[in-house]
Amino acid sequence: MRGFFQDVETYALLLLAAHILLVTVAAVLVSMNRRPSSAIAWVLAIIFIPILGAVAYFFVGYSKLPKARRDKQREVNDLVLARTEGSPLVSRGLDWPEWLSSAVVLNSNLGALPMVAGNSATLLGDYNGTFDAMIAEIDSATSYVHVEFYILVLDATTAPYFQALARARRRGVEVRVLSDHLAGLKFPGRKETLDFLQEIGAEYRPMLPVRPWRGEWQRPDLRNHRKIFVVDGRVGFTGSQNVIDASYDTKANLKRGLQWHELMMRVEGPVVRELDAVFATDWYSETDVILPLDTSPVAVSHNSALIDAQVLPSGPSFDNDNNLKLYATLIHKAERRVSITSPYFVPDESILMAIVTAAARGLSVELFVSEVGDQSMVYHAQRSYYEALLRAGVRIYLYRSPKVLHSKHFTIDEEVAVIGSSNMDVRSFSLNMEVSVLVHGRAFVDAIRGIEDGYRLESRELQLEDWNRRPVAQKVFDNLARLTAALQ
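Residues numbered from 1 in each chain as written. Predicted model: local features only at pLDDT ≥ 70, side-chain atom pairs only at ≥ 80, totals over all residues. Heavy atoms only, no water.

**Q** So, the environment of Glu268: which residues are in play, and what are the values?
**A** Secondary-structure assignment places Glu268 in strand β8 (residues 264-268). Every residue in contact with Glu268, bar those within four places of it in the chain, is listed here: Gly118, Asn119, Ser120, Arg234 and Val235. Polar side-chain contacts of Glu268 include one of 2.9 Å to the side chain of Arg266. (Helix = DSSP H or I, 4+ residues; strand = E, 2+ residues; numbered from the N terminus. Contact = heavy atoms within 4.5 Å. Polar contact = N/O pair within 3.5 Å; in protein donor to acceptor, adjacent residues only side chain to side chain.)

**Q** Explain the pairing of strand β13 (residues 395-399) to me, and be specific about the residues and the numbers.
**A** Most of β13 sits inside the fold, with four of its five residues counted as buried. Looking at chain direction, β13 and strand β19 (residues 459-462) are connected through four bridges and run antiparallel. When the sheet's bridge partners are listed, Tyr397 is paired in β19 with Glu461. (Buried < 20%, exposed > 50% of the residue type's maximum accessible area, 1.4 Å probe, protein only. Pairing = 2+ DSSP bridges.)

**Q** Can you break down the packing of aromatic side chains residue by residue, with the values?
**A** Evaluated as defined, the whole model comprises 15 aromatic pairs. A ring pair is formed by Phe162 and Phe196, whose centres lie 5.9 Å apart and whose planes are at 85°; its orientation type is edge-to-face. Here the residue Phe162 occupies a position in helix α7 (residues 159-170), and Phe196 occupies one in helix α9 (residues 190-200), the gap between them amounting to 34 residues. According to the relative accessible area criterion, Phe162 is buried, its value standing at 0%. What makes Phe196 buried here is its relative accessible area of 13%. For the ring pair Tyr248 and Trp260, a centre distance of 4.6 Å and an interplane angle of 25° mean the geometry is stacked. Here the residue Tyr248 occupies a position in the loop between β6 (235-239) and α10 (251-256), and Trp260 occupies one in strand β7 (residues 259-261), the gap between them amounting to twelve residues. For the pair formed by Tyr248 and Trp260, the shared burial category is buried. (Phe/Tyr/Trp six-rings, centres within 6.5 Å; stacked < 30°, edge-to-face > 60°.)

**Q** Go over the pattern of salt bridges, please, and point to the residues and values.
**A** In total, this model carries 30 salt bridges according to the counting rule given. For the salt bridge of Arg266 with Glu137, the shortest nitrogen-to-oxygen distance reads 2.8 Å. One end of the pair, Arg266, is in strand β8; the other, Glu137, is in helix α6 (residues 127-140), and 129 residues separate them in sequence. A relative accessible area of 18% places Arg266 in the buried class. By relative accessible area, Glu137 is classed as buried at 9%. A salt bridge links Arg266 to Glu268, with the shortest nitrogen-to-oxygen separation between them at 2.9 Å. (Salt bridge = Lys/Arg side-chain N within 4 Å of Asp/Glu carboxyl O.)

In structure tokens, the structure reads:
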């Protein structure tokens, strides 16, 4: 018996030593270039559930794309910078707020794309109307159509869009299509969608494919969440909407009667070729083919109704959290008002601090979010931030169900706005490839404010007293869900 207990004691000591070694190595590796909160969360996971924690970190612990993909991003950045140098299209903003220039320089350093003048923009808030607008542009295409969406599904609602692509191909128009690989697996009709694109002769590539048997592998939850649509380099669309029915085609959504509410932006002018440069980068990443970057002259009008616009791509192909830095900068620079619309609001510490500080500085700060959620853990994690925001003086508006407010934009004071594919959550800041557009233009901001006024009418304002009376079980679940946000 003594030998048995000695063996058990020896094995226990070996396991303890292995555990200490694992935790020590993990603490060093995990903490490298990672936020302290995230590093601590990962180390605690490895301490308390060492095997599962280590396996989880192996699969999802590194939040950058493989080196080859990051090198491609830098290569295209260099080409864009060479094209931009000396361009008369670059806006120097004599009528900008004093603080805007530094934000534009920040964006240029992060994303390699300039602020350009002389653009026109139209906001599109009608779901099916947005498809109609894109179809009209496809039918006018003479050279090429570039389609890049996180979700791309051929269904009853989107069939006219796909038929327009087919008509374009019959006219000899090049049609290049990108959609996220894993996102496509979550929705019905993937085979039918891909078969249709093949039949019409469109060039299709999945973005960030996870197919280890083909040597295609990266952290599986690093996804391309961008929405970009460009026709002939002449007109572009971007924003929050995917190519799918407003119910997102799932049985659960149909049973609950959920319908997504989106906001897209249609643009003409020099900013279109900047959107196209982002598409070209993603096309290069998936095909090894660099599409020509448009260098043709673009007429610039000095009509005061036109806007300055700067495209900012972000995501794990970059060395920095580009959109996080822009958003935090703009909120800190605000002098009078900040209005934020984000379907998934799980901010990191810097964004949360910027928002509550803005409210404490006496600014009018409001947040529009959905009353219901389609992703349980994110929905409950989001709710855990409401009390701190309400106590700081932030007004929170819950967009009434069964509509899901999926728009992604915010406005700063009276002249500056950001619109794009990015949520204000840790996933969009660190894990997803996103595209945002920084806009300077009073008329454009007025138009977004009009849309926000519409949101307010369709929402109920959350009051601190009512929020604090919610059941204890909800409070516990909200706070537990919040802990998962740190694992990135």
